[in-house]
Amino acid sequence: QVQLAESGGGLVQPGDSLTLSCAASVRPFSLYVVGWFRQAPGKEREFVAAINRSGNSVAYADSVKGRFTISRDNAKNTVYLRMNSLKPEDTAVYLCAATRRIGGPLVVASTQDYWGQGTQVTISS
């Protein structure tokens, strides 16, 4: 059983930055494609970003492209989401998910084998 634990959320002002972390209990973590998703109150869960096993291929939702950066450190079993220029509409619970399904980063947008519990990100002045 793979356990994913998100951290790094909080309350920040518009224009600020945050870095989220997704730590995995499994080794080698490099077997998993990992993605970040978010869910705002009253809205459906949406895909945010994803990264392939080696970290050399990434994908982003149009709403965060140019502002968010996903990366991973397989030696530390951790995937990161650096979020810059945050907007109030980025407010949501952010969750990471992982899959062993074969494919590029976007494979996790359609298939998630494991989920974390999420971390709250609130953007407010």
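Heads up: the structure comes first, above all this text.
Overview of the structure.

Definitions and limits used
Residues numbered from 1 in each chain as written. Predicted model: local features only at pLDDT ≥ 70, side-chain atom pairs only at ≥ 80, totals over all residues. Heavy atoms only, no water. Core = buried A, V, L, I, M, F, W, Y, C linked by side-chain atoms within 4.5 Å. Buried < 20%, exposed > 50% of the residue type's maximum accessible area, 1.4 Å probe, protein only. Helix = DSSP H or I, 4+ residues; strand = E, 2+ residues; numbered from the N terminus. Contact = heavy atoms within 4.5 Å. Pairing = 2+ DSSP bridges. Salt bridge = Lys/Arg side-chain N within 4 Å of Asp/Glu carboxyl O. Disulfide = S-S within 2.5 Å.

This paragraph deals with the nonpolar core. Ranked by size, the top nonpolar core spans 38 residues in total, and within it Trp 36, Val 48, Phe 68, Val 79, Leu 81, Met 83 and Tyr 94 carry the most contacts. At the level of elements, β3 (18–24), β4 (33–39), β5 (46–51), β7 (68–73), β8 (78–83), β9 (92–99), α1 (107–110) and β11 (119–123) are the ones that each hand at least two residues to this core. In contact with Met 83, not counting residues within four places along its chain, are Asp 16, Ser 17, Leu 18, Leu 20, Arg 67, Phe 68, Tyr 94 and Val 121.

Look at any regular strand and the pattern is simple: side chains alternate between the two faces of the sheet. Within β9, seven of the eight residues are buried, which leaves it mostly tucked inside the rest of the structure. As defined by bridge partners, β4 adjoins β9 across seven bridges and the pair is classed as antiparallel. Bridge pairing in β9 places Gln 39 opposite Val 93. Across two bridges, the pairing between β9 and strand β10 (residues 114–115) is antiparallel. Among the inter-strand pairings, Ala 97 is bridged to a residue of β10, identified as Trp 115.

Let us look at the pattern of salt bridges. Summed over all chains, the structure comprises four salt bridges. Note that Arg 38 and Asp 90 form a salt bridge whose closest N and O atoms lie 2.9 Å from each other. With a gap of 52 residues between them, Arg 38 in strand β4 and Asp 90 in the loop between β8 and β9 connect regions that are remote in the sequence. One salt bridge in this structure joins Asp 62 and Lys 65, with 3.2 Å as the shortest N-O distance.

In this section: the state of the cysteines. Evaluated as defined, the whole model comprises one disulfide. For Cys 22, the disulfide goes to Cys 96, at an S-S distance of 2.1 Å. Given an S-S torsion of about 70°, the disulfide between Cys 22 and Cys 96 has right-handed geometry. Of this pair, Cys 22 sits in strand β3 while Cys 96 sits in strand β9, and the two are 74 residues apart along the sequence. Residue class for Cys 22 comes out buried when judged on its relative accessible area of 0%. Under the relative-accessibility criterion, Cys 96 is labelled buried at 0%.

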